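The chain contents come next:
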Amino acid sequence: MRTGTVLAAVVMTVAAVLAGCGGQIGDSGGLDAKKIVLIPGKADEPFYLSLQCGAQDRAKELGYQLNTQAPTQFDAAAQTPIVTGAIAGKPGALLIAPTHATAMASPMKQARDAGIKVIEVDTALDDTSIALSSVSSDNRKGGQLAAQTLAKLVGGKGPVLVINTKAGTSTTDARAQGFTDELKNHPGMSSLGVQYNNNEAAQAASIVTATLAAHPDLAGIFATNLSSTEGAATGLRNAGKLGAVKLVGFDASPKQVEDLRAGTVQALIAQDPATIGADGVDQAVAALEGKPVERTVKTDMIALTQADMDANSKYFYKSRC
Ligand code: T6T
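Thresholds, definitions, all that
- Residues numbered from 1 in each chain as written.
- Predicted model: local features only at pLDDT ≥ 70, side-chain atom pairs only at ≥ 80, totals over all residues.
- Heavy atoms only, no water.
- Axes fitted to C-alpha atoms, helices over the stretch in contact; angles between N-to-C directions.
- Helix = DSSP H or I, 4+ residues; strand = E, 2+ residues; numbered from the N terminus.
- Parallel < 35°, antiparallel > 145°, perpendicular 65-115°, else oblique.
- Left-handed = near helix turned anticlockwise from the far one by under 90°.
- Contact = heavy atoms within 4.5 Å.
- Nonpolar A, V, L, I, M, F, W, Y, C, P; charged D, E, K, R; others polar.
- Pairing = 2+ DSSP bridges.
- Near = heavy atom within 4 Å.
- Polar contact = N/O pair within 3.5 Å; in protein donor to acceptor, adjacent residues only side chain to side chain.
- Core = buried A, V, L, I, M, F, W, Y, C linked by side-chain atoms within 4.5 Å.
- Buried < 20%, exposed > 50% of the residue type's maximum accessible area, 1.4 Å probe, protein only.
- Phe/Tyr/Trp six-rings, centres within 6.5 Å; stacked < 30°, edge-to-face > 60°.
- Lys NZ or Arg CZ within 6 Å of the ring centre and 35° of its normal.
- Salt bridge = Lys/Arg side-chain N within 4 Å of Asp/Glu carboxyl O.
- Expected span 1.5 Å × (residues − 1).
- Disulfide = S-S within 2.5 Å.

Undergrad: Give me the packing of helix α5 (residues 139-153) against helix α6 (residues 170-183): which residues, what numbers.
TA: At a minimum axis separation of 6 Å, α5 and α6 run at an interaxial angle of 45°. As far as their axial angle goes, α6 and α5 are oblique. Judged by the sense of rotation from one axis to the other, the crossing of α5 with α6 is right-handed. Of α6, the residues touching α5 (which contributes Asn139, Arg140, Gly143, Gln144, Ala146, Ala147, Gln148 and Leu150) are Thr171, Ala174, Arg175, Gly178, Phe179, Asp181, Glu182 and Leu183. Each residue belonging to the contact of α5 with α6 can be placed in one class, and the counts come to six nonpolar, six polar and four charged.

Undergrad: So, the sheet that holds strand β7 (residues 189-196): which residues are in play, and what are the values?
TA: Ordered in space as β7-β6-β8-β9-β10-β12, the six strands form an open sheet in which the pairing is mixed. Two strands close off the open sheet at either side, each with one partner strand: β7 and β12 (301-304). Going from strand to strand, the sheet's axes swing by 15° on average, the running direction of each strand aside. Seen against the sheet, α6 touches β6 (158-164), β7, β8 (220-223), β9 (246-250) and β10 (267-271) and runs at an angle of roughly 165° to β6.

Undergrad: Break down the site of the ligand for me, citing the residues and quoting the values.
TA: With respect to spatial proximity, the complete set of residues near the ligand consists of Glu45, Phe47, Tyr48, Asp122, Thr123, Thr171, Arg175, Asn225, Leu226, Asp251 and Gln271. One of the side-chain nitrogen or oxygen atoms of Asn225 is found 3.0 Å away from an oxygen atom of the ligand. In this structure, Asp251 approaches the ligand through a side-chain N or O atom, which is 2.6 Å from an oxygen atom. Secondary structure elements with two or more residues in the shell around the ligand: α2 (46-62) and α6. Looking at side-chain class alone, the shell around the ligand contains three nonpolar, four polar and four charged residues.

Undergrad: Pulling in residues and values, what's your account of the nonpolar core?
TA: One finds Ile36, Leu95, Ile163, Ile221, Leu247 and Val281 to be the most contacted residues of the largest nonpolar core, which totals 47 residues. Leu95 has contacts with Ile36, Val37, Leu38, Ile39, Ala55, Ile119, Val121, Gly277, Gly280, Val281 and Ala284, leaving out every residue within four places of it along the chain. Grouped together as the second largest cluster of nonpolar side chains are 19 residues, Ile39, Leu94, Ala111 and Ile130 included.

Undergrad: Summarise the environment of Ala307; cite the residues concerned and give the values.
TA: Relative to the elements of secondary structure, Ala307 occurs in the segment after β12. Along the sequence, Ala307 and Ala267 sit 40 residues apart, while their C-alpha atoms lie 9.9 Å from each other.

Undergrad: Describe the packing of aromatic side chains, listing the residues and the values that go with them.
TA: Inspection of every chain in the model, using the stated rule, returns four aromatic pairs. A ring pair is formed by Phe47 and Tyr48, whose centres lie 5.0 Å apart and whose planes are at 80°; its orientation type is edge-to-face. Since its relative accessible area comes to 5%, Tyr48 is described here as buried. Ring pairing ties together the aromatic residues Phe47, Tyr48 and Tyr317, which thus form one cluster. Across from the ring centre of Tyr64, 4.1 Å away, lies the NZ or CZ of Lys34, which sits over that ring. Positioned above the aromatic ring of Phe250 is the side chain of Arg175, whose terminal nitrogen or guanidinium carbon lies 4.0 Å from the ring centre.

Undergrad: Which residues make up the pattern of salt bridges, and what values do they have?
TA: Opposite charge on two side chains permits them to pair, given that their charged atoms come into close proximity. With the rule as written, the count across this model stands at ten salt bridges. Between Asp259 and Arg237 there is a salt bridge whose closest N-O contact spans 3.8 Å. With Asp259 in helix α9 (residues 254-262) and Arg237 in helix α8 (residues 226-238), this residue pair connects regions lying 22 residues apart in the sequence. Assessed through its relative accessible area of 5%, Asp259 is described here as buried. One salt bridge connects Lys291 with Glu289, and the closest N-O pair in it is separated by 2.9 Å. Judged by relative accessible area, which is 48%, Lys291 ranks as partly exposed.

Undergrad: Could you give an account of helix α3 (residues 76-88), with specific residues and numbers?
TA: With 13 residues, α3 extends 19 Å from end C-alpha to end C-alpha; this agrees with the ideal 18 Å at 1.5 Å per step. Where the residues of α3 are buried, they touch β1 (32-39), β3 (91-96) and α4 (105-113). One or two residues past the end of α3 sits Lys90, with phi positive at roughly 55°.

Undergrad: Kindly report on the packing of α8 against α9, identifying the contributing residues and their values.
TA: Geometrically, a packed helix pair is captured by the angle between its two axes and the distance between the axes. Their axes nearest at 10 Å, the elements α8 and α9 cross at an angle of 40°. Judged by the angle between their axes, α8 and α9 are oblique. Relative to α9, the crossing made by α8 is left-handed. Residue-level inspection shows Leu226, Thr229, Glu230, Ala233 and Arg237 of α8 in contact with α9, the latter providing Lys255, Gln256 and Asp259.

Undergrad: Before we move on, can you summarise the state of the cysteines with the specific residues and values?
TA: This model, assessed by the stated rule, comprises one disulfide. With its sulfur 2.1 Å from that of its partner, Cys53 forms a disulfide with Cys321. Since a negative S-S torsion denotes a left-handed disulfide, the Cys53-Cys321 link at about -95° is left-handed. Of this pair, Cys53 sits in helix α2 while Cys321 sits in the segment after β12, and the two are 268 residues apart along the sequence. Cys321 gets classed as exposed once you look at its relative accessible area, which sits at 58%.

What follows is the structure, encoded as structure tokens:
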């Protein structure tokens with residue numbers, strides 16, 4: 001046999017052995033290229049459930065199997081063992097919302113080093129070399145939109161507070177930053193700073209109570225996600241300040257939508273989590289099939305008010321698929 005023929009025979013044999021093991025060429029780990037695992041930030045939470053519904057539908061459409069494994073808390077210590085377990089299951093791809101921009105780098109690197117295609121959905125790591133693609137809302141822009149919306153509601157005047165979730169969450173940190181930057185364009189408004197509710201609604205309610213005691217002239221609040229908005233609404237209700245202090249929140253859970261309808265919240269910046277999930281699967285499948293992957297994909301957001309909410313009900317989040 002000539003050298004070229006021998007080489008071709010060796011390549012074909014190696015490919016056949018890998019195929020027999022259910023592995024991919026170039027991967028000795030025997031990954032299942034038809035299997036995708038989704039690890040959201042938190043279980044039983046309408047934003048991530050809506051994301052999961054979008055991802056499941058798209059995976060089915062494309063002939064892939066998608067399993068979801070979620071931590072009970074939005075916390076890196078709770079999410080890390082789930083990533084480790086998922087790696088052991090040898091999926092071809094991992095869709096993940098990292099609960100911390102640096103603390104989740106190590107387990108996600110382990111997934112990448114095992115040959116798994118890592119795609120970020122919603123949140124992202126600071127280290128952009130680990131995931132192949134990041135799909136999310138433009139969160140900084142969402143924060144700016146929240147500031148513009150709140151400025152209109154308070155007539156461009158007065159002190160305002162930001163209630164953020166957990167420091168180190170890429171999305172909500174970007175929202176708070178966008179809000180603070182945009183506030184500079186509204187000289188009549190002043191910032192009372194950023195306080196953290198640890199993603200617990202009850203802590204957001206306490207922050208509102210304490211802030212009102214120290215600043216009875218509080219004009220408005222920007223709450224950066226679901227838990228902070230739901231909790232801030234409770235705090236305002238407890239203080240008898242509903243409607244007097246304007247509240248703009250991120251997300252559109254069933255409870256938040258109900259609060260918007262009742263006038264408890266004046267505006268919601270709704271994301272499109274189902275599309276984040278579907279686009280995440282598209283990127284994972286492109287990577288698995290050796291097609292071009294987009295490093296950054298941005299999805300839509302909309303500011304919902306009581307007046308236009310029903311015309312935009314497709315943005316309301318779901319509690320089940
Ligand atoms: O706001 C969403 C998500 O975008 C964020 O990263 C974390 O909080 C939520 O899941 C809402 O609870």
